[in-house]
Amino acid sequence: MTEAFAKAGARVAVPYIVDEEVLLLKSKLKQSMTKVQLQKVDLFKESDVRNSVGFFAKKLRRIDFLVNLVGGYFGGPTIAETDERDWDRMMRLNLKPTFLACKAVLPYMVKRMYGRIVNIASESGLRGEGTLGAYSVSKSGVLRLTETIADEYREYNITANAIL
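Residues numbered from 1 in each chain as written. Predicted model: local features only at pLDDT ≥ 70, side-chain atom pairs only at ≥ 80, totals over all residues. Heavy atoms only, no water.

(A) Main features of unusual backbone geometry. At Lys30, a position not held by glycine, the phi torsion is positive, near 45°. Position of Lys30 relative to the elements: it lies in the loop between helix 2 (19-29) and strand 2 (36-40). By relative accessible area, which is 56% here, Lys30 ends up exposed. Despite not being glycine, Arg61 has its phi angle at roughly 75°, a positive value. Summarising the element assignment, Arg61 is placed in the loop between helix 3 (46-60) and strand 3 (65-68). (Helix = DSSP H or I, 4+ residues; strand = E, 2+ residues; numbered from the N terminus. Buried < 20%, exposed > 50% of the residue type's maximum accessible area, 1.4 Å probe, protein only.)

(B) Just the packing of aromatic side chains, in detail. Counted under the stated rule, the structure contains 3 aromatic pairs. Taken together, a centroid distance of 6.0 Å and an interplanar angle of 45° make the contact between Tyr153 and Tyr156 tilted. On the accessibility criterion, Tyr153 (22% relative accessible area) is partly exposed. The ring of Phe44 has Arg92 lying over it, and the distance from NZ or CZ to the ring centre is 4.0 Å. (Phe/Tyr/Trp six-rings, centres within 6.5 Å; stacked < 30°, edge-to-face > 60°. Lys NZ or Arg CZ within 6 Å of the ring centre and 35° of its normal.)

(C) How the structure looks around empty space enclosed by the protein. Taken as a whole, this structure holds 1 cavity of 30 Å³ or more when the rule is applied. Taken as a whole, the largest cavity spans an internal volume of roughly 40 Å³. The class makeup of the residues in the lining of the largest cavity is 5 nonpolar, 5 polar and no charged. (1 Å grid on protein atoms, 1.4 Å probe; cavity = no way out; pocket = protein on both sides within 12 Å on 5 of 7 lines; lining within 4 Å. Points joined across faces, edges and corners; volume = space filled by probe spheres on them. Nonpolar A, V, L, I, M, F, W, Y, C, P; charged D, E, K, R; others polar.)

(D) Just the nonpolar core, in detail. Residues Val49, Leu66, Val105, Met109, Ile117 and Ile149 are the most contacted members of the largest nonpolar core, which totals 20 residues. Contributing elements (two or more residues each) for this core: helix 3, helix 5 (96-112), helix 6 (133-153) and strand 5 (158-163). No other element matches helix 5, which puts 7 residues into this core. For Leu66, the contacting residues outside a window of four places in its chain are Ala101, Cys102, Val105, Met109, Arg116, Ile117 and Val118. Counting 7 residues, the second-largest nonpolar core is a separate cluster that includes Val12, Leu25, Met33 and Val36. (Core = buried A, V, L, I, M, F, W, Y, C linked by side-chain atoms within 4.5 Å. Contact = heavy atoms within 4.5 Å.)

(E) Representation of the pattern of salt bridges in the model. Within this structure, the stated rule accounts for 11 salt bridges. A salt bridge links Arg89 to Asp86; the shortest N-O distance between them is 3.4 Å. Linking Arg89 with Asp86, this pair stays in helix 4 (residues 84-94), spanning 3 residues, or about one helical turn. The residue Arg154 makes a salt bridge to Asp151 at a minimum N-O spacing of 3.5 Å. Classification of Arg154 by relative accessible area gives exposed; the value is 55%. The class of Asp151 is partly exposed, set by a relative accessible area of 49%. (Salt bridge = Lys/Arg side-chain N within 4 Å of Asp/Glu carboxyl O.)

What follows is the structure, given as C-alpha cells:
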C-alpha cells in the first residue's frame with residue numbers, strides 16, 4: 001500500500017512497529033522514499049497514536065486519507081475451547097489500532113471538512129464461522145466501527161469504507 005501511494009505521488013505517513021520492516025520498505029521504495037514519513041509507534045496505546053497523528057499532520061500539513069492495515073489472524077478452536085487470552089489478543093490486534101487511528105485522525109478531517117478512511121476487514125466478519133470465532137467477531141467489529149464512522153461523519157464530507 002505504501003509503495004502504491006508513494007508511486008502515485010502521495011505523501012505517505014507510515015507508523016511502524018517492527019524495525020526490520022522499515023529496511024524492507026526502504027529497499028523496495030528506493031527513490032519514492034522521499035515521499036514517505038516514518039515513525040515508530042505503539043499502535044495499541046492511545047497517547048502514542050494521537051501523538052503520531054499530530055506529528056504526521058504537522059509534517060505533512062494535512063491528512064486526507066487513512067488506511068488501517070494492522071491486523072492478524074488465527075483460528076482453530078471452537079468458542080468453548082477458545083482461551084480468554086487468545087480472544088483478547090484477536091480483539092486487540094484487529095480492532096484496537098483501527099479504532100485508535102480513526103479516533104486520532106477524525107478531528108483533523110473534520111477541521112478540513114474532508115477525509116477518506118479505509119479499514120481492512122474480512123469476509124469472516126460478515127457472518128460467524130465455526131473455529132474462527134475470535135477472528136470473525138474482531139473483523140465484524142471493524143465493519144461496525146466503519147459503518148458508525150461513515151454515519152457520524154458524512155456531514156463533514158468524510159467517508160469510511162472497509163475492504164474485505
